[in-house]
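Summary of structural features
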Amino acid sequence: MNRVLARNLRTSVCGTRILQRTCSTVVTHDVSTSCSNESNALNNSTDDGPQHDIAIVGGGMVGIALAASLASKPLTKHLNVAIIDNNPLLGRRNIIEKGHQPDPRVSTVTPATISFLKDIGAWKYIEQQRHAYFDKMQVWDYTGLGYTRYNANDVHQDVLGCVVENKVLQSSQLSCVQESDLQKTVYPARLNAMDMLPSSSLTGLGEVPSTTDLFMRGRLAKLELSDGNRVYAKLVVGADGSKSRVRELAGIKTTGWNYSQNAIICTVEHTAENYTAWQRFLPNGPIALLPIGDKFSNIVWTMDPKEASDRKLMNEDDFIKAVNDALDSGYGPNPETTSSRDSLSWLTGDATISAKERFETPPKVVKLSSERMMFPLSLRHAKDYVSKRVALVGDSAHTVHPLAGQGVNLGFADACALSKAIAEGIALGTDIGEANLLKRYEAERKPANIAMMAVLDGIQKMYSLDFGPLNALRAAAFHGAHYISPLKKRIISYASGEQSLPLFS
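Just so it is clear, the model here is predicted, and its values are computed rather than measured.

1. Things to note about the pairing of strand β7 (residues 161-165)
Burial of β7 is extensive: 5 of the 5 residues sit out of reach of the surface. The pairing of strand β3 (residues 106-109) with β7 spans 4 bridges and is classified as antiparallel. Opposite Thr-108, over in β7, you have Val-163 as the bridge partner. As paired strands, strand β4 (residues 131-134) and β7 are joined by 4 bridges and run antiparallel to one another. Residue pairing for β7: His-131 is matched across the bridge by Val-164.

2. Observations concerning the packing of helix α3 (residues 61-71) against helix α6 (residues 166-178)
When two helices pack together, their arrangement is given by the angle between their axes and by how far apart the axes lie. Direction vectors running N to C along α3 and α6 enclose 25°, while the axes themselves pass 9 Å from each other. Classed by the angle they form, the pair α3 and α6 counts as roughly parallel. As α3 runs across α6, the sense of the crossing is left-handed. Contacts from Met-61, Ile-64, Ala-65, Ala-67 and Ala-68 in α3 reach Asn-166, Leu-169, Gln-170, Gln-173, Leu-174, Cys-176 and Val-177 in α6. When its residues are assigned to classes, the contact of α3 with α6 shows 9 nonpolar, 3 polar and no charged.

3. Topic: the confidence of the model for the chain
A low pLDDT means the predicted coordinates there should not be read in detail. Of the residues in the chain, 75% have a pLDDT of 70 or more, and the chain-wide mean is 82. Here residues 1-46 is modelled with pLDDT under 50, and outside its nearest four sequence neighbours on either side it reaches 89 contacts, counting other chains as well. With pLDDT under 50 throughout, residues 338-351 is counted as low confidence; its partners more than four residues away or in other chains account for 23 contacts.

4. Observations regarding the side chain of His-270
With respect to the helices and strands, the residue His-270 is situated in the loop between β12 (254-269) and β13 (276-282). From its side chain, His-270 meets the backbone oxygen of Lys-364 in a polar contact 3.0 Å long. Those residues in contact with His-270 that lie beyond four places of it in its chain are Leu-289, Lys-295, Phe-296, Ser-297, Pro-363, Lys-364, Val-365 and Val-366.

5. Re the sheet that holds β4
Strand order in this open sheet of 3 strands is β3-β7-β4, and the pairing throughout is antiparallel. Looking along the sheet, the strands with just one partner apiece sit at the ends: β3 and β4. Shown here is a sheet whose adjacent strand axes are inclined to one another by a mean of 20°, direction ignored. Sitting on the sheet, α6 touches β3 and β7, and the angle it makes with β7 is about 90°.

Quick notes on the rules
- Residues numbered from 1 in each chain as written.
- Predicted model: local features only at pLDDT ≥ 70, side-chain atom pairs only at ≥ 80, totals over all residues.
- Heavy atoms only, no water.
- Buried < 20%, exposed > 50% of the residue type's maximum accessible area, 1.4 Å probe, protein only.
- Helix = DSSP H or I, 4+ residues; strand = E, 2+ residues; numbered from the N terminus.
- Pairing = 2+ DSSP bridges.
- Axes fitted to C-alpha atoms, helices over the stretch in contact; angles between N-to-C directions.
- Parallel < 35°, antiparallel > 145°, perpendicular 65-115°, else oblique.
- Left-handed = near helix turned anticlockwise from the far one by under 90°.
- Contact = heavy atoms within 4.5 Å.
- Nonpolar A, V, L, I, M, F, W, Y, C, P; charged D, E, K, R; others polar.
- pLDDT = per-residue confidence, 0-100.
- Polar contact = N/O pair within 3.5 Å; in protein donor to acceptor, adjacent residues only side chain to side chain.

As structure tokens, this is what we get:
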């Protein structure tokens, strides 16, 4: 089934073509920890603007992850990097205050992402802030016909993942960049325009050609910023989200669709700490309860837009009651461990149920601890991830349904792969903005991203209908995932980011 989904999505993603084209003083904020560590951007400045090796447009989690990954590699740690983002937090040394209230915007990072964050040196900072590992996950639906429980020891791991507030992820990676040898300059502005010219010979230039000469011969991209500044770079990276200005200016097409769903996210509190990730599929979409530490959990509740508006506006007591109903026996019965197994005994045989595999009810929510935020859901995919002197990472290249929390993990994998391709180009003496080099990054990431998008879109569509035969099929899928050990291990490995191929390849 997942092969079909991947094939269909690939056809849709690659087949549909929607064109989305639509004398200053340099003022920068150096994020270096020492005033003596001047950026080479200033040394290379001309009257026309400073020159950088790489300009990262977007200083969010994935953009900063790319900068931190470059800073961690011997071949790239001395590069001259511009970060273009008007978020004032990027100019601060510490963006998280001690004892801060939990933020509703969180990410579930997989073991593969944790390894990446350790490699770039960010994980040690994350461990100093609030975070929550989980070693168990339970998934079930409102029909009461089936459920599955995953345990880290099923695949000989200590954890299945970790939930971290987005601002903790961003701050921790920013600390790595600030303490590195990377020559970094933050431009607190938005990207207004981008221009680049076809390549031509450098014949006739002096030994040290000017920035303007390099631009005129297609060796640099020129970026016009909202504050009037102009900067140049060999490579421009779009890390500026689903409405990417870089993608638009590069003329890269996208395809996709909007889901008729919105998601509400918020932080809630329990009487005791939660160590399990819970997800229940309801008639209008899934609700997830994710531990974030200190007796707090995060809610991600998907539903139709009108219901989402109603839930966002209802008073706190009614909202807490609605959440507890959605996570317990509201909408339908909870699965009965014995009877539900017996109803599909043809699939499971005589498998015995251990205590760790029995269905459990999630902990009760007692308090709302943050504002409720609401956002629409969509699937979008860029036809190309790269063009000459341009590369897209994260949501600029792809957006997915949040039901499995995979979006940011795909983005971090993009950052890792692109920094590796840049390092390989430097080792070979290649221009890091050349499309042939950047295509290596695209070749690595596009198939993996399309496969995950197909899986998530297929799951979303499978659970969007309430139909008797389909309900039975879903129950069979739950039981197969619960009792068939090789399948269970494959699912956990794929969701953990340790296996890049589709589930049933």
